[in-house]
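A look at the structure
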Amino acid sequence: MIIRREAVKAALHACGKATRYVLDGIHVTPEGVVEATDGTILVRVVDKYPYAPADYPQVPGVASALEPPSSGTIIPTELAQKLIAATPKRTPISILTGISVGVVDGHRYAVATDLQAPLVVCLDTANENARFPATDKVMVTDGREVIKLLLSAAMLTRLATMARDVGAAKSANAVCLEIPTDPTHRDATTGQVRVQVRFT
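Before going into details, it helps to say that this report is about the structure given with it. (Residues numbered from 1 in each chain as written. Predicted model: local features only at pLDDT ≥ 70, side-chain atom pairs only at ≥ 80, totals over all residues. Heavy atoms only, no water.)

Looking at the environment of Ile3
Operational definition: Secondary structure is summarised from DSSP: a helix means a run of H or I of at least four residues, a strand means a run of E of at least two, and numbering begins at the N terminus for each. Only heavy atoms enter the contact rule, under which two residues are in contact if any of them lie within 4.5 Å.
Tracing the chain through its elements places Ile3 in strand β1 (residues 2-4). Taking C-alpha positions, Ile3 is 9.7 Å from Val45, a pair spaced 42 residues apart along the chain. The residues touching Ile3, leaving out its near neighbours within four places in the chain, are Val8, Ile26, Val28, Gly32, Val34, Ile75, Gly98, Ile99 and Val101.

Here it is in structure tokens:
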């Protein structure tokens, strides 16, 4: 499978501390979902249009094409950062910005290349007896109604800046989003709900 560099970068922001080894890295599911958590924040990145593994170039250091792993793969933070660095910053071949993850001859690998200096990482040690938390248990997937709140990255940055600038004890400041659930709070035309923001 090929996971996108952008997905790995995003997931790394949620990685836990080295004191919990299994959380100090990203987890790639057999379906190619990239996820990470520090026990408080969970990030899951699903690629709607994944690259075809057959299109990824064969690199020295791997005997044959990588086969899809049958179980999840953990890539420690330090190795994930090195794999990102091994991908080309600019290239007309978009698949080279991805990282290939899979199994060959019973060993688990992650591969990144710019066609000049490939990086092949064996992940056997990182995945020996390692078990990533079952994130499906905390995801709402049973059809229950959820409140969806869509905020742009720019808006989130503005809110975070406001929260930091409020009061003296800036490290303790937080953003509280109050979402009305009563139907009367919805806009009669658009159906949208007006969200109230408080800084605490």
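Read on, since the account is not over.
Regarding the packing of helix α1 (residues 5-12) against helix α2 (residues 77-86)
Our working rule: What counts as an axis is a line fitted to C-alpha atoms, over the stretch in contact for a helix, and the angles between N-to-C directions run from 0 to 180 degrees. If you view the pair so one helix is near and one far, a crossing is left-handed when the near helix is turned anticlockwise from the far one by less than a right angle, and right-handed when it is turned clockwise. Any residue that is not Ala, Val, Leu, Ile, Met, Phe, Trp, Tyr, Cys, Pro, Asp, Glu, Lys or Arg is counted as polar, Gly included; the first ten are nonpolar and the last four charged.
It is at 10 Å that the axes of α1 and α2 come closest, and there the two elements cross at 145°. Crossing of α1 over α2 shows left-handed handedness. Here Arg5, Val8, Lys9 and Leu12 of α1 come into contact with α2, specifically with Thr77, Ala80, Gln81 and Ile84. Each residue belonging to the contact of α1 with α2 can be placed in one class, and the counts come to four nonpolar, two polar and two charged.

What about the layout of surface pockets?
Applicable threshold: Each cavity reported here is a set of points on a 1 Å grid over the protein atoms alone in which a 1.4 Å probe fits but cannot get out, each pocket an open set with protein on both sides within 12 Å along at least five of seven lines, and each lining residue one with an atom within 4 Å of a point. Grid points are joined across faces, edges and corners, and a volume is the space filled by probe spheres set on the points.
When its volume is computed, the largest pocket comes out at roughly 270 Å³. Around the largest pocket, the lining comprises 13 residues; the ones closest to its centre are Ile147, Lys148, Ile179, Arg186 and Val193. Tallied by class, the residues present in the lining of the largest pocket amount to seven nonpolar, three polar and three charged.

Points about the packing of aromatic side chains
Which entries qualify depends on this criterion: Here a pair means two rings of Phe, Tyr or Trp (six-membered ring of Trp) with centres within 6.5 Å. Their orientation is stacked below 30 degrees between planes, edge-to-face above 60, and tilted elsewhere. Distance and angle both matter: a charge sits over a ring if NZ of Lys or CZ of Arg is within 6 Å of the ring centre and within 35 degrees of the ring normal.
Under the definition given, this model contains zero aromatic pairs. Sitting above the plane of the Tyr51 ring, Arg4 keeps its charged end 4.3 Å from the centroid.

Quick notes on the sheet that holds strand β7 (residues 107-112)
Put simply, the test is: Pairing between strands is defined by DSSP: at least two bridges between the two strands are required.
Sheet architecture is open: four strands sit in the order β1-β6-β7-β8, paired in antiparallel fashion. With one partner strand each, in any of the chains shown, β1 and β8 (119-122) form the two edges of the open sheet. Ignoring strand direction, the axes of neighbouring strands in this sheet form an average angle of 25°. Where strand β6 (residues 98-104) meets β7, five bridges bridge the pair, whose relative direction is antiparallel. Bridge assignment links Val101 to a residue of β7, and that residue is Ala110.

Regarding the nonpolar core
Going by this rule: Definition of nonpolar core: a set of buried residues of the types Ala, Val, Leu, Ile, Met, Phe, Trp, Tyr and Cys, connected through side-chain atoms within 4.5 Å. Residue burial is assigned from relative accessible area. The probe radius is 1.4 Å, only protein chains are included, and a residue is buried under 20% of its type maximum, exposed over 50%, and partly exposed in between.
With 23 residues, the main nonpolar core has Ile3, Val8, Ile26, Ile75 and Ile99 as its most contacted residues. At the level of elements, α1, β2 (25-28), β3 (34-37), α2, β6 and β7 are the ones that each hand at least two residues to this core.

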